[in-house]
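What follows is each chain in one-letter form.
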Amino acid sequence: MSLRARIRSGDKAAFGELFDDYAKAVYNHAFRLTANWSTAEDVMALTFLEAWRSRARIDPEGGSLKPWLLVIATNVARNVRRAARRHDDALARLPRGEEVPDFADEVVGRMDDAERLAAVRQAYGRLRRHEQDVFALCVLGGLDYAEAAEALGIPVGTVKSRLSRARRKLALLGEPPPAPRQVVGDRGPEKEEIR
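Being a predicted model, the structure only gives us computed values, none of them experimental.

Q: I keep staring at helix α8 (residues 156-172) and nothing clicks. Help me out?
A: Because an α-helix completes one turn every 3.6 residues, residues spaced three or four positions apart along the sequence face the same direction. Between its first and last C-alpha, α8 extends 24 Å over 17 residues, near the 24 Å set by a 1.5 Å rise per residue. Those residues of α8 lying buried are Val159, Arg162, Leu163, Ala166 and Leu170. Angular distribution of buried residues about the axis of α8 spans 100°; they occupy a single face of the element. In α8, the exposed residues that point more than 90 degrees away from the buried face are Ala171 and Leu172.

Structure follows, in structure tokens:
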């Protein structure tokens, strides 16, 4: 019985294998989307919880479950951001308390990275949702066009055009797209080259 079929049937050991195989990839993807280590841990945990809950929807036949997990992580991260915005809005409505001294001098080394990640997240947030999904899976998640197309249930050509539009928009916003790994080419049966 395949790993997919075992997970679908509720085999906890098989799900443990899935976690062992992809927890790091899901965590890294979540960090790229949230720019916060703690939030990325929460997103990873919620991703696997949601994967367990929706295991009955797994097709028993197929390849890697990484695309499926990254789509779940992308949606979970979006929900976490939405909840954080509601929380921040609620806090903003509370009466102001006494000012607390600023300890920013202790973390000066981290500020540049945090500012850059915030700028990237802001630019990313200006993309349309379907462009965000393709960008997150291909550029941030390292999936090739075919894997992203399968995960999103759209044609490969649509993935390419959405990714191209997303990159163009990000370039116009003055923030080059973060590309720790970039998909190159899409022809032939061999795996696409990743840089």
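Q: Can you walk me through the packing of aromatic side chains in this structure?
A: Here the distance between the centres and the angle between the planes together describe a pair of aromatic rings. For the structure on display, the rule yields five aromatic pairs. Taking 5.1 Å as the distance between ring centres and 75° as the angle between the ring planes, the aromatic pair formed by phenylalanine 15 and tryptophan 52 counts as edge-to-face. Highlighted residues: phenylalanine 15 in helix α2 (residues 12-34) and tryptophan 52 in helix α3 (residues 37-53), separated in sequence by 37 residues. Residue class for tryptophan 52 comes out partly exposed when judged on its relative accessible area of 23%. Summarising the aromatic geometry, the rings of tyrosine 27 and tryptophan 37 are spaced 5.9 Å apart at their centres and angled 20° between planes, so their arrangement reads as stacked. A residue pair is termed long-range when its members are at least 10 positions apart, and tyrosine 27 in helix α2 and tryptophan 37 in helix α3 qualify at ten residues.

Q: How should the side chain of arginine 78 be read in this particular structure?
A: With respect to the element layout, arginine 78 can be found in helix α4 (residues 66-92). Looking at arginine 78, the relative accessible area reads 9%, which means it is buried. Within the structure, arginine 78 has its side chain in polar contact with the side chain of asparagine 75 (distance 3.0 Å). Excluding its chain neighbours within four sequence positions, the residues that come into contact with arginine 78 are Arg129, Gln132 and Asp133.

Q: Would you mind showing me how to read the nonpolar core here?
A: Where a protein is soluble and globular, its nonpolar side chains tend to be buried together. Counting 44 residues, the largest nonpolar core has Leu18, Phe48, Phe135 and Val159 as its most contacted members. Going through the elements one at a time, α2, α3, α4, α5 (108-125), α6 (129-140), α7 (145-152) and α8 are the ones with two or more residues in this core. Per-element tally for this core: the top contributor is α2, with ten residues. Sequence-distant contacts of valine 159, that is, excluding residues within four places in its chain, are made with Val134, Cys138, Tyr145, Ala148, Ala149 and Ile154.

Q: Hey, could you run me through the pattern of salt bridges in this one?
A: Pairs can form between side chains of opposite charge once their charged atoms are near each other. According to the stated counting rule, one finds six salt bridges in the structure shown. For glutamate 17, the salt bridge identified is with arginine 6, shortest N-O distance 3.1 Å. Highlighted residues: glutamate 17 in helix α2 and arginine 6 in helix α1 (residues 3-8), separated in sequence by eleven residues. Taking relative accessible area as the criterion, glutamate 17 reaches 35% and is therefore assigned partly exposed. The exposure class of arginine 6 is partly exposed, given its relative accessible area of 21%.

Q: Which parts of the structure should I look at to understand a positive patch on the surface?
A: On the surface, a cluster of positive charge is contributed by Arg82, Arg85, Arg86 and Arg129. In terms of residue count, the dominant contributor to the positive patch is α4 (three residues).

Q: Looking at this model, I keep getting lost on the environment of valine 134. Mind explaining?
A: Looking at where valine 134 falls in the secondary structure, it is placed in helix α6. Accessibility expressed as a relative area gives 0% for valine 134, which makes it buried. For the pair valine 134 and leucine 163, spaced 29 residues apart in the sequence, the C-alpha separation amounts to 6.0 Å. In this view, valine 134 contacts Val139, Leu152, Ile154, Val159, Arg162 and Leu163; residues no more than four positions away in its chain are not counted.

Analysis parameters
Residues numbered from 1 in each chain as written. Predicted model: local features only at pLDDT ≥ 70, side-chain atom pairs only at ≥ 80, totals over all residues. Heavy atoms only, no water. Helix = DSSP H or I, 4+ residues; strand = E, 2+ residues; numbered from the N terminus. Expected span 1.5 Å × (residues − 1). Buried < 20%, exposed > 50% of the residue type's maximum accessible area, 1.4 Å probe, protein only. Arc of directions from axis to C-beta. Phe/Tyr/Trp six-rings, centres within 6.5 Å; stacked < 30°, edge-to-face > 60°. Polar contact = N/O pair within 3.5 Å; in protein donor to acceptor, adjacent residues only side chain to side chain. Contact = heavy atoms within 4.5 Å. Core = buried A, V, L, I, M, F, W, Y, C linked by side-chain atoms within 4.5 Å. Salt bridge = Lys/Arg side-chain N within 4 Å of Asp/Glu carboxyl O. Patch = residues over 30% accessible without salt bridge, like charges linked within 9 Å, V, L, I, M, F, W, Y side chains within 5 Å. Areas by Shrake-Rupley, 256 points an atom, 1.4 Å probe, with all protein chains shown as cover. Lys, Arg positive; Asp, Glu negative; His and termini not counted. Charge placed at Lys NZ, Arg CZ, Asp CG, Glu CD.

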